[in-house]
Structure formats: structure tokens, C-alpha cells
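# Reading the structure
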Amino acid sequence: MPRYFSVSLTLLVLAGCGGGATSLKVSAAASLQSPFTQLGGARYSFAGSDQLAAQIRAGAQPDVFAAANAKLPDALYADGLVERPVAFARNELVIAVARDSPIRRIADLARPGVAIATGSATVPVGAYTQATLARLPEAQRAAIERNVRSRDPDVAGVVGKVAEGAVDAGFVYRSDVVATRGRLRAVRLPAALRPQVVYEAAVVRGSKHPGAARAFVRALLGGRAAAALRQAGFAKP
Amino acid sequence: MTVARPFAAVCGAALAVAVAFLALPVVAVFADAPPRELVSSLGDAAALDALRLSFECSALALVAVIAIGTPAAWLLATRRFPGRALVVTIVELPLVMPPAVAGIGLLAALGPAGLLGGITGRHLVLQTAGVVVALAFVSAPFYLRLAQAGFAAIDPALLEASRTLGAGEGRTFARVAIPAARGALGAGAALAWGRALGEFGATLMFAGSFRGVTQTAPLAIYERFSTDLPAALALSAVLIAVSAGLLLAVKLATRDAVG
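Residues numbered from 1 in each chain as written. Chains lettered and ligands numbered in written order. Predicted model: local features only at pLDDT ≥ 70, side-chain atom pairs only at ≥ 80, totals over all residues.

The number of helices and strands found in chain B is 13 helices and 0 strands. Across its three principal directions, the C-alpha atoms of chain B cover 65 × 65 × 30 Å. Residues counted as buried form 39% of the 259 residues belonging to chain B. A sequence separation of at least 24 residues applies to 79% of the contacts in chain B between residues at least 6 apart. (Helix = DSSP H or I, 4+ residues; strand = E, 2+ residues; numbered from the N terminus. Buried ≥ 20, exposed ≤ 12 C-beta atoms within 10 Å, placed from the backbone. Contact = placed C-beta atoms within 7 Å.)

Shown next as C-alpha cells:
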């Protein structure tokens with residue numbers, strides 16, 4: 001009996017994942033979770049932008065794709081898979097550390113024994129991190145790279161690892177630190193190292209609700225959506 | 001006969017649907033993975049690192065699960081004690097736990113800021129040992145559950161005979177119970193190994209993803225999915241083939257079971 005119970009429980013849990021409304025489906029960068037969830041009004045799927053783009057290439061069809069960079073939506077646009085992307089927000093790459101961390105600047109990350117998490121090279125936050133590190137003197141870059149303990153597939157994983165103390169520091173977005181409500185502190189990068197972090201959204205071609213999808217993208221530029229983005233730590237596009 | 005025939009047809013159709021549904025993604029992976037990619041994926045050092053890590057860590061986890069799980073399952077199968085139902089439920093819980101919950105739980109328990117953080121520090125998180133811990137956690141219930149069912153299904157007369165012939169409890173367990181439950185133990189080990197090989201979420205949250213240290217094959221596949229779909233398919237095909245081989249080997253090795 002208990003055996004059958006656990007099997008049926010598993011099936012129940014699986015069934016719970018279904019759920020079907022006809023609302024807008026939005027595939028969004030993991031870093032947009034906090035403002036978009038607050039915004040509501042759609043069914044969101046949060047993951048690394050690169051994973052979401054790959055899903056769209058593989059035939060998955062959300063109505064809107066909102067990415068943490070311009071490169072991925074632009075590439076999908078070039079291949080005719082999405083409509084013209086719209087830049088709707090900016091973010092800033094920072095170093096997230098625990099509130100009481102002794103880390104004050106990027107040079108501190110090169111010290112032996114400091115554990116660091118970054119995004120994998122394929123996800124925007126990881127690509128921004130690589131671009132930043134590439135601007136450092138070679139010896140410093142190598143020392144920091146040696147301290148990297150995990151290359152996570154999305155920024156949420158990096159934030160989690162810093163928050164749980166698994167690492168001392170992680171390269172994330174400013175908005176991710178804002179979302180921790182004071183649990184983590186952001187160490188800003190010198191302006192010369194800061195990459196341009198622009199978020200773009202696009203309507204996915206073949207969307208069953210193109211009107212609503214376009215309205216969603218337009219709405220990101222002002223009003224309640226823009227307010228939610230500003231409050232979450234994003235800047236104007 | 002007139003009743004049995006339509007029923008048999010229904011069962012046959014149900015089996016056909018089940019097999020088709022379960023086999024289709026596997027077939028599709030092999031159909032879509034370009035043969036040239038399949039071969040070149042074996043020359044991809046990062047992919048090989050991931051496969052090697054997956055097999056080493058899952059094998060270590062399985063050894064630990066079998067070593068601790070076999071006597072534990074024997075106790076659960078042969079003794080009635082207060083709180084037994086609760087113990088069985090605790091043992092089954094990881095089966096119904098989403099991997100992300102398992103990952104959070106492991107961090108909260110064995111992470112540097114966790115319950116036992118004072119002892120574990122950073123010896124497990126983001127380390128290869130952490131991968132083994134995550135794999136053992138998610139796969140142990142499969143083995144324990146089947147081992148318990150296997151031991152419980154042994155004819156009590158067989159165990160009684162062993163005892164009346166003078167064998168102690170330990171000897172009865174080792175010489176009679178384990179051989180008699182061999183089929184169930186093998187099936188449990190195969191399921192646990194399969195689950196460990198496929199583990200993704202708990203590994204990522206607890207052990208992270210770093211090539212050669214904590215990036216197992218499923219994590220490497222996920223990383224490739226976004227940049228190099230053919231390579232992701234090829235690595236998937238290799239993982240499926242080797243996993244199938246392992247499962248088959250375990251089943252064959254334990255086939256001539258008594259129970």
C-alpha cells in the first residue's frame with residue numbers, strides 16, 4: 001500500500017505542473033524574476049536567456065522573449081524567429097558579497113582562498129563577466145579565474161551560492177542584490193570595467209496573441225512596468 | 001475466454017502506448033544526433049570530463065547507498081518497531097521531492113551556513129564530494145524501497161530454516177536473505193544508479209557546475225543545449241547508451257534470483 005501511495009503522490013506532483021490558462025506566456029531572463037513576478041499579468045518562465053533562446057530555436061513558442069542582453073534577441077530576429085526587439089531596461093554588473101564580507105573591490109577577488117561563482121560563458125551574466133575580466137591585467141584576471149568554483153547556468157544560481165555562503169562573491173546584476181533586501185551587498189566595478197548591460201524584449205513570431213504580446217512589450221517602457229523595473233534596481237534603457 | 005480476449009487487447013494496447021511514449025524521446029535523441037557529432041563528442045575533452053565525473057560520482061554514491069541501505073532495508077523489512085511508519089515515510093520522501101528542494105535542503109543542512117555547517121564548512125559545497133552526497137541523497141530511496149520490498153517478500157520459512165539450522169541473524173542475512181532478495185536488490189541498485197546518473201537540480205544547487213570538478217554529464221548537456229544543440233544531443237545519446245548498458249548489466253548479473 002505505501003508503495004502505491006508514493007507512486008500516486010509522484011503522479012499528483014507531476015500533474016500539478018500542468019495547469020492551463022490562455023494568458024500570455026513570457027520567457028524571461030532569470031534576473032527579471034523579481035520585477036516581472038511583481039508585475040503579474042502573464043505566465044512567466046524564468047531561466048538563463050541563452051536557454052530560453054535555445055528553446056525558441058527548438059520550436060518552443062512563448063509569446064514574448066525578454067533577455068538580459070541584446071545579442072540573443074537580435075540573433076533570433078536575424079533568423080526571423082522574433083519580431084524587432086525593443087530595449088526596455090539597463091542593469092549593472094556588480095560583485096555580490098555577504099553583508100559583512102571584507103571584499104571591497106574587484107582586486108580582493110584575486111586573493112588566494114576566495115571562492116567565486118559566475119555565470120557560464122553561454123548565459124549573458126557569464127559573458128558580461130568574461131568581458132569584464134578580460135579588461136583586467138592578465139595576472140589579476142588569471143588569479144580571479146583560479147578562484148572560480150562554479151559556473152552556473154543562470155544568475156539565480158550565482159546569487160543563491162553567495163547567499164548560502166557556498167562562495168564569497170559572485171558576479172551578478174545590481175538588481176539581483178536589490179532583490180535580496182539587504183542580505184547581500186553589491187561591490188561596484190570601476191566604470192572602465194563595467195560592461196553595457198541592456199535588456200531587450202521581442203514578440204515571438206507565430207504567437208497566438210500577437211496583439212497582447214506587442215502590448216506587453218510596449219508596456220515595459222513606461223507606467224507600472226517601468227516603475228516595477230526601477231524599483232527592482234533596473235535603469236532606463 | 002470471451003471476456004479475457006478484449007481485456008488482453010486493452011492491456012496490450014496500453015502497453016504499446018506506454019512503450020511508444022517512453023521510447024520516443026530516446027529514439028529521437030539517437031535519430032537527431034548526427035553520427036559525426038556522436039563520434040566527435042567523444043573527442044570533446046569537456047564532455048569526457050563530464051561523463052567520467054558522472055560515472056565516478058554515481059558509482060561512489062551507489063556503493064555508499066548499498067553498504068548502508070542493505071542492512072537498513074533488512075531492518076525495515078523484518079522488524080516492527082514504534083515509529084516504523086514514520087521512518088519509512090522519511091526514507092521515501094526524497095522520491096517525491098523536487099530536485100530543487102533537495103538542493104536547498106542539502107545546502108540548509110550541509111552548506112557552510114547550514115545546520116551542520118560548523119562541521120562541513122566548504123568541504124562539500126561546490127566540491128566533487130558534494131556531487132556524491134547529492135547523488136546519494138536523491139538515489140538512496142529507490143534502493144532502500146526495493147530492497148525492503150525484496151526482503152519482505154522472502155518466504156519466512158526459508159529464514160526460519162536458516163535459524164533452526166543454527167545460523168545467527170547476521171549469517172542468515174548474509175547467506176540466505178541477500179541471495180534470496182538478489183533480484184530486488186539488483187533492480188533497486190539499477191534504479192538508484194539511473195537516478196544518480198540523471199541527477200541535475202540538486203547537484204547544480206549544492207555542488208555547482210565546474211568542469212572536471214562538479215560538472216556532471218546532465219549539467220554539461222544543459223550548458224551545450226543553448227550553444228551547441230548537436231553536441232548536446234550527442235552527449236545525451238552517449239549518456240543514454242552507457243546508462244542503458246549499466247542497467248542491463250546490473251539486471252543480468254542479478255537475474256537468476258530466488259525470490
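Back to the text.
In this section: the interface of chain B and chain A. At the interface, 24 residues of chain B touch 27 residues of chain A. Those elements giving two or more residues to the side of chain B that touches chain A turn out to be helix 4 (84–96), helix 11 (201–207) and helix 12 (217–227) of chain B. For the side of chain B that touches chain A, a count of residues per class yields 15 nonpolar, 6 polar and 3 charged. (Nonpolar A, V, L, I, M, F, W, Y, C, P; charged D, E, K, R; others polar.)

Turning our eyes to something else, we now look at the packing of helix 7 (residues 128–152) of chain B against helix 10 (residues 182–198) of chain B. Residues and elements named next belong to chain B. For the pair helix 7 and helix 10, the least separation of the axes is 8 Å and the interaxial angle reads 165°. Compared by their axis directions, helix 7 and helix 10 come out roughly antiparallel. Two packed elements cross with a definite hand, and for helix 7 against helix 10 that hand is right-handed. Side by side, helix 7 and helix 10 meet where Leu135, Val138, Ser139, Ala140, Phe142, Tyr143, Leu146, Ala147, Ala149 and Gly150 of the first sit next to Gly183, Ala184, Leu185, Ala187, Gly188, Ala189, Leu191, Ala192, Arg195 and Ala196 of the second. (Axes fitted to C-alpha atoms, helices over the stretch in contact; angles between N-to-C directions. Parallel < 35°, antiparallel > 145°, perpendicular 65-115°, else oblique. Left-handed = near helix turned anticlockwise from the far one by under 90°.)

This next bit is on the sheet that holds strand 5 (residues 93–98) of chain A. Residues and elements named next belong to chain A. What the 5 strands build is an open sheet, ordered 7-6-8-5-9; its pairing is mixed. Of all the strands in the sheet, the pair left with one neighbour each is strand 7 (148–152) and strand 9 (184–188). Between one strand axis and the next, the sheet turns by 35° as a mean value, whatever way the strands run. Taken together, the 5 bridges between strand 5 and strand 9 define a ladder with antiparallel strand orientation. Paired with Ile95 across the strands is Val187, a residue of strand 9. On the sheet, helix 5 (residues 124–134) packs against strand 5, strand 6 (116–119), strand 7 and strand 8 (169–173) and is oriented at approximately 115° with respect to strand 6. (Pairing = 2+ DSSP bridges.)

Here we take up the domain arrangement of chain B. Residues and elements named next belong to chain B. We note that the domain assignment places domain 1 (1–32) and domain 2 (34–253) within chain B. In this structure, domain 1 and domain 2 have C-alpha centres spaced 29 Å apart. Broken down by class, the residue content of the side of domain 1 that touches domain 2 amounts to 3 nonpolar, no polar and 1 charged. (Domains from an automatic or database assignment.)

What follows concerns the packing of helix 12 of chain B against helix 13 (residues 229–253) of chain B. All names here are of chain B. Running from N to C, helix 12 and helix 13 cross one another at 160°; their axes reach a closest spacing of 7 Å. Here helix 13 runs roughly antiparallel to helix 12, going by the angle between their axes. Handedness of the helix 12/helix 13 crossing: left-handed. Contact residues: helix 12 offers Ala217, Ala220, Ile221, Arg224 and Phe225, while helix 13 offers Leu229, Ala231, Ala232, Leu235, Ser236 and Leu239. Class assignment for the residues of the contact of helix 12 with helix 13 results in 9 nonpolar, 1 polar and 1 charged.

Residues and elements named next belong to chain A. Partitioning chain A into structural domains gives domain 1 (23–90 + 198–231) and domain 2 (93–188). Between domain 1 and domain 2, the C-alpha centre-to-centre distance is 25 Å. Between domain 1 and domain 2, the contact holds 13 residues from the first and 12 residues from the second. Those elements giving two or more residues to the side of domain 1 that touches domain 2 turn out to be helix 2 (33–39) and helix 3 (49–57). Its residues assigned to classes, the side of domain 1 that touches domain 2 shows 5 nonpolar, 7 polar and 1 charged.

Trans peptide bonds make up most of the peptide bonds, and negative phi angles are found at most residues other than glycine. In the Ramachandran plot, Arg181(A) falls in the positive-phi region, its phi being about 50° despite a non-glycine side chain. Within the fold, Arg181(A) resides in the loop between helix 8 (174–179) and strand 9. Not every positive phi belongs to a glycine, and Leu126(B) is a case in point at roughly 55°. Residue placement: Leu126(B) occurs in the loop between helix 6 (117–120) and helix 7. Overall, the presence of 25 C-beta atoms within 10 Å leaves Leu126(B) in the buried class.

Time to look at the pairing of strand 3 (residues 64–67) of chain A. All names here are of chain A. Burial of the side chains of strand 3 extends over both faces: Val64 and Ala66 are buried on one face and Phe65 and Ala67 on the other. In the sheet, strand 3 pairs with strand 10 (residues 197–203) via 4 bridges, with the strands oriented antiparallel. By the bridge assignment, Phe65 is partnered in strand 10 with Ala202.

All names here are of chain A. The element helix 7 (residues 155–163) is largely enclosed, with a buried count of 8 among its 9 residues. For helix 7, every residue scored as buried is listed here: Val155, Ala156, Gly157, Val158, Val159, Gly160, Lys161 and Val162. Count one or two residues on from helix 7 and you reach Gly165, which has phi positive near 75°.

All names here are of chain A. If you trace the 5 strands from one edge of the open sheet to the other, you get 2-1-3-10-4, paired in mixed fashion. Whereas interior strands pair on both sides, the edge strands pair on one side only; in this sheet they are strand 2 (43–47) and strand 4 (86–91). Neighbouring strand axes in the sheet, compared pairwise and without regard to direction, differ in orientation by 20° on average. Across the sheet, helix 3 lies against strand 1 (25–29), strand 2 and strand 3, angled at about 150° from strand 3, the strand it touches most.

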